[in-house]
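# Chains, contacts and geometry: an overview
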Amino acid sequence: MTTDAPDAWKRWHERRVETASAPYGLLALTGTHWIEDYPDGRLPAIPGVWVAEEDAVVLTATEADGLTVAGRPLSGEVRLTADHGPEAEARVALGAKRLVVLVREGVWGVRVYDPESAARRAFRGIEAEPYDPRWSVPGRFTPYEGTRTVRLGNADGRERGFELAGELTFTLAGRERTLKVARPEGGALWAVFADATSGDTSFRFRFLFSPSPDAEGRTTVDFNRAQLPPCAFADHFLCPFPPPGNTLDAAIEAGERRLG
């Protein structure tokens, strides 16, 4: 452990709290609406008519609807591709709300971020264990030959594909253990995991990001930075559940546990 590891963890935790509670952070999400579920194009509590095409969403509105696009009142029709963030800079707004266009496996949707959300007003922090060096151990990444796509249940009740890049092996509490991991854009390793505390003293599953491995596959597995998935903050996120084999029989009493 480096001498500044506890301080680095404290800064990480403070950033997590700040980011989650920001005006358009995780706690501000109040809805995710899939356009295919509304054949008339009328989304709940959102003005305008939203029509999904193959490569974009067509939004039609009048000035009386109160929608703006890129800061200007919308009167007529506009084609919208997916927003890539940050949410605060989404092109479509309804007063203080931001309407974020997204697409998942070819299905188009609209997310509503409201800085006045009940969850944001009620937020009291993220419960997390103090830094403990015992939970930070060396790991080794073994990539698959090409990615492997598995179908996983998601927090919204739907099933979606999840690309696994390989396996992360480490020793914890005297036993060698393995987690299947994704590697978005070839960078950090992402594990969706559960453990013996899940659904009891911690949320039902958590995320763990490990630094991009070196040329020999070496990285660090630091459960002090195990974090709550977005769906712990708002019900409208799509978080994937842990893939088969990613439920550890150990009690990972480290990292973020639940909302305060």
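Computed from a predicted model, the values in this text were never measured in an experiment.

## Description of the pairing of strand β12 (residues 159-172)
Looking at chain direction, strand β11 (residues 136-153) and β12 are connected through 11 bridges and run antiparallel. Within β12, the residue paired with Leu152 across the bridge is Arg160. The loop that links β12 with its antiparallel partner strand β13 (residues 175-181) comprises two residues; one of these, Ala173, has a positive phi angle of about 55°.

## Describing the packing of aromatic side chains
Inspection of every chain in the model, using the stated rule, returns 10 aromatic pairs. Between Phe205 and Phe207 the ring centres are 6.4 Å apart and the planes differ by 45°, which places this aromatic pair in the tilted class. Under the relative-accessibility criterion, Phe207 is labelled buried at 6%. Between Phe205 and Phe241, the aromatic rings sit 5.5 Å apart at their centres with planes inclined by 80°, giving edge-to-face as the arrangement. Taken together, the positions of Phe205 in the loop between β14 (189-193) and β15 (206-210) and Phe241 in the loop between β16 (218-222) and β17 (256-259) put the pair 36 residues apart, joining distant regions of the chain. Aromatic rings pair up to connect Phe162, Trp190, Phe203, Phe205, Phe207, Phe209 and Phe241 into one cluster. One cation-aromatic arrangement involves Arg148 over Tyr144; the distance from NZ or CZ to the ring centre is 3.8 Å.

## Description of the nonpolar core
Tyr113, Phe162, Phe205, Phe233 and Phe237 are the most contacted members of the largest nonpolar core, which has 29 residues in total. Counting 20 residues, the second-largest nonpolar core is a separate cluster that includes Val137, Leu168, Phe170 and Ala191.

## Overview of unusual backbone geometry
Of note, the bond from Gly85 into Pro86 is cis; its omega dihedral lies within 30 degrees of zero at -5°. Summarising the element assignment, Pro86 is placed in the loop between β6 (76-80) and β7 (92-94). Phi angles above zero are rare outside glycine, and Ala45 is one such case at about 60°. Within the fold, Ala45 resides in the loop between β1 (29-34) and β2 (49-52). At Ala173, a position not held by glycine, the phi torsion is positive, near 55°. On the secondary structure map, Ala173 appears in the loop between β12 and β13. Given a relative accessible area of 72%, Ala173 falls into the exposed group.

## Description of the sheet that holds β11
Taken together, four strands build an open sheet; the order of strands is β13-β12-β11-β16 and the sheet is antiparallel. The open sheet has two edge strands, β13 and β16, and neither has a second partner. Here the strands of the sheet are splayed against their neighbours by 45° on average, with no regard to which way each runs. Bridge count between β12 and β13: seven bridges; the pairing is antiparallel. Residue pairing for β13: Thr169 is matched across the bridge by Thr178.

Rules used throughout
- Residues numbered from 1 in each chain as written.
- Predicted model: local features only at pLDDT ≥ 70, side-chain atom pairs only at ≥ 80, totals over all residues.
- Heavy atoms only, no water.
- Pairing = 2+ DSSP bridges.
- Helix = DSSP H or I, 4+ residues; strand = E, 2+ residues; numbered from the N terminus.
- Phe/Tyr/Trp six-rings, centres within 6.5 Å; stacked < 30°, edge-to-face > 60°.
- Buried < 20%, exposed > 50% of the residue type's maximum accessible area, 1.4 Å probe, protein only.
- Lys NZ or Arg CZ within 6 Å of the ring centre and 35° of its normal.
- Core = buried A, V, L, I, M, F, W, Y, C linked by side-chain atoms within 4.5 Å.
- Axes fitted to C-alpha atoms, helices over the stretch in contact; angles between N-to-C directions.

So far we have only geometry, and geometry alone does not tell us how the molecule works.
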